[in-house]
Each structure stands twice: as C-alpha cells, then as structure tokens.
Amino acid sequence: MDDVIIIGGSFAGLAAALQLGRARRKVTVLDTGLPRNRFAGRSHGLLGHDHKPPLDILAEARRQLARYPAIRLVNARADGVSGGLDDFSVLTGDGESLEARRLILSYGITDQMPDVPGFAEGWGTSIVPCPYCDGFEVAGQHWGLVWSGPQSLNQVRLFHDWTDRLTVFSDGHDIPPDIRADLERRNTPLVDGRITEIARHGGHGATVKLNTGPDVAVDILFAHPRNKPSASLHESLGLATLDTPLGIVLKVDERRETSMPGIYAAGDLTNPLIPSVTTASWQGAMAGIFAQQSMLT
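Rules of the game
Residues numbered from 1 in each chain as written. Predicted model: local features only at pLDDT ≥ 70, side-chain atom pairs only at ≥ 80, totals over all residues. Heavy atoms only, no water. Pairing = 2+ DSSP bridges. Helix = DSSP H or I, 4+ residues; strand = E, 2+ residues; numbered from the N terminus. Contact = heavy atoms within 4.5 Å. Axes fitted to C-alpha atoms, helices over the stretch in contact; angles between N-to-C directions. Salt bridge = Lys/Arg side-chain N within 4 Å of Asp/Glu carboxyl O. Buried < 20%, exposed > 50% of the residue type's maximum accessible area, 1.4 Å probe, protein only. Polar contact = N/O pair within 3.5 Å; in protein donor to acceptor, adjacent residues only side chain to side chain. Parallel < 35°, antiparallel > 145°, perpendicular 65-115°, else oblique. Left-handed = near helix turned anticlockwise from the far one by under 90°.

Where an unreviewed UniProt entry is consulted, the protein chain appears under the name Thioredoxin reductase, with the organism given as Mesorhizobium humile.

Printed below as a string of structure tokens:
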C-alpha cells in the first residue's frame, strides 16, 4: 500500500510528490501527460524557471524526482476511486488497482473553447488568460479583452499596470450603463457585437472579426472561457465544490483537505481564477506536507 496516491502529475502533483518523497513516504503519481498549459510556448513567473517551456520544466522535475526511491511515476489515468481514510483504492485506466492511505487530487481543469473559428487554434499563443503569465512580454502594446462577466471589470483595472492601450469586446454581453461610463472614464474603448472569428497574425497578434462593424487588430487577446475539472472523480466521491464565475472548484480547507477526510487537492482544480504555475506549485507542496503530517502517529 502507498502512503499517498497523487492523481495528476503537472506542477501541483509533482510538487506534492517532492515533499512526500523527501519525507520518505511511498508515493505513486498517476498522470496522463496533458497539462493545461501545454499550449503555451513559455512559462513565466516561476522562480528559477522563468521564460522556459512548461513541458521542459515538467520533464526536468520528473528527472529530479527519479532520485527518490519512494516515488513512482505512472503514465496512466485514474478511472475510479473508492474507500476511505487509510484505505483508499484507485483503479487505473490500465486496469491496475492501487491502494493508499491518502489521496491528493491535482488533475486540473479543462478550458472549454467557445464555438468561434480560430479561438482554439490561438489558445495559449495569441489568446491567453493570465497577465501574470504573459503580460510582461507584451507590455505597452495594444491588448484586447473578451468580456466574460462582471469580473471582467477587475481585469480592466488590473491590465492598466501593463498597458494603457486596451480594447474591450462585449461579445454580445449586455454591458450596464455604469460600467460603460467607467470604461469611458478609463479611456478604454468598448466594441459591441458578437465575435465571429479570431485570426492569428504574428506571434501574439490577433484580428477580431465581428458580426457588426469592422475588424479590430490587437497585439494580444485576453479571454476567460469557462472551464471544468478534467476528470469527474470528485463527483463520484461526493466532494464539496464551490461555484466561481468560470466554473466549479473543489472546496478545501487551510490544510488543502477536501470535504472527505484523507483527500487533499491543489492546483487549478481548486483555484482556476489565478492559473499560475507558481500558485499550483506552492499549493501542491502544502498538500503533500499536510498529507504527510496527517499520517503521523
């Protein structure tokens, strides 16, 4: 029996495994090899790895974990979870049944691409969600923001730390008069109409095509599509969730423990509003530490 099975082996899952391996706890990490940020050419903001391709960072992390004999990395999907504290069972897609005293869920989320031609193709390059991840490289240039709800006004306020040239696309949303007035006060143009296509040009640039009015070219387009957990294990376990403007997340306490004793969670699965490898890494590390401490006798 493992001490901990970690389901999801991107930044959060591997950070948890590192802490547990260093504590000489027996760990199995299950991973499908499809991290959320695989579409990005570079990862930013992670101390010591700034501006490196995210897949290269993960590959190096796995090489470093190989020196810990208690850690086993398995390229497999978790198809089912059953049991309870000190006696969890995980069935993999390969038909292997694994047992562990604790579980860490770090299988992340999947972005749900809108049915707009060019959106999926530009995701991670010309269309991005996070200014902390990509803002510095395009600072001072012309940014676009696809309105996704009331939370978008905070994005407008935030973006002005990087650029004074911002265009907001309503994309069919009914923008209230007070918000329109606020955007005008900030010298931020608001373009009405639905987006019908996004054409990529250059490295980051995009041309936004609309059902009304002329096309608008921007140097980078920020968008926040809805997302969902990349697996449904939390549903079968009946874990408590929270609704956010972009989708649901798992509810965890200050020790990263979910509503079921012995199951911890970290990364975008618990915090999709700040999709940062730095956030995922520290949350994973804390989940690993608290899972280890919960097994002390």
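Structure's up, so let's keep going.
Draft legend 1. Structural view of the sheet that holds strand 8 (residues 127-128). Ordered by their spatial adjacency, five strands build an open sheet running 8-15-9-10-11, and the pairing between neighbours is parallel. Looking at the sheet topology across the chains shown, the edges are occupied by strand 8 and strand 11 (190-191). Where strand 8 lies against strand 15 (residues 220-222), two bridges are found, and the strand directions are parallel. Counted as the bridge partner of isoleucine 127 is leucine 221 from strand 15. With respect to the sheet, helix 5 (residues 152-159) is in contact with strand 9 (143-146), strand 10 (166-169) and strand 15, its orientation differing from that of strand 9 by roughly 165°.

Draft legend 2. Structural view of the pattern of salt bridges. Taken as a whole and assessed by the stated rule, the structure comprises 11 salt bridges. Two residues, arginine 25 and aspartate 3, come together in a salt bridge whose shortest N-O distance is 3.5 Å. In this pair, arginine 25 sits in the loop between helix 1 (11-22) and strand 2 (27-31) while aspartate 3 sits in strand 1 (residues 2-7), placing the two residues 22 residues apart along the sequence. Of the residues examined, aspartate 3 reaches a relative accessible area of 14% and is grouped as buried. A salt bridge links aspartate 182 to arginine 186, with the shortest nitrogen-to-oxygen separation between them at 2.6 Å. Here aspartate 182 falls in the buried class, since its relative accessible area comes to 16%.

Draft legend 3. Quick peek at the side chain of histidine 234. For histidine 234, the position within the fold is in helix 7 (residues 233-237). Engagement of the side chain of histidine 234 in a polar contact is seen with the side chain of tyrosine 107, the distance being 2.8 Å. For histidine 234, the contacting residues outside a window of four places in its chain are Tyr107, Pro229, Leu239, Thr241, Ile248 and Leu250.

Draft legend 4. Structural view of the packing of helix 1 against helix 2 (residues 54-65). Two elements in contact, helix 1 and helix 2, have axes separated by 11 Å at closest approach and are oriented at 20°. By the criterion of interaxial angle, the relationship of helix 1 to helix 2 is roughly parallel. Crossing handedness for the pair helix 1 and helix 2: left-handed. Each of Phe11, Leu14, Ala17 and Leu18 in helix 1 lies in contact with helix 2, whose residues at this interface are Pro54, Ile57, Leu58, Ala61, Arg62 and Leu65.

Draft legend 5. Local environment of the sheet that holds strand 13 (residues 206-210). One open sheet holds the three strands; their spatial order is 12-13-14, and the pairing between them is antiparallel. Only two strands of the sheet have a single neighbouring strand rather than two, namely strand 12 (195-200) and strand 14 (216-218). The average undirected angle you get between the axes of adjacent strands in this sheet is 20°. Of the pairings in the sheet, the one linking strand 12 to strand 13 comprises five bridges and is antiparallel in character.

Draft legend 6. Up close: the pairing of strand 18 (residues 247-250). In this sheet, strand 18 lies alongside strand 17 (residues 241-244) in antiparallel orientation, the contact comprising four bridges. Directly across from leucine 242, in strand 18, lies its bridge partner valine 249. Counting the residues in the hairpin turn of strand 17 and strand 18 gives two residues.

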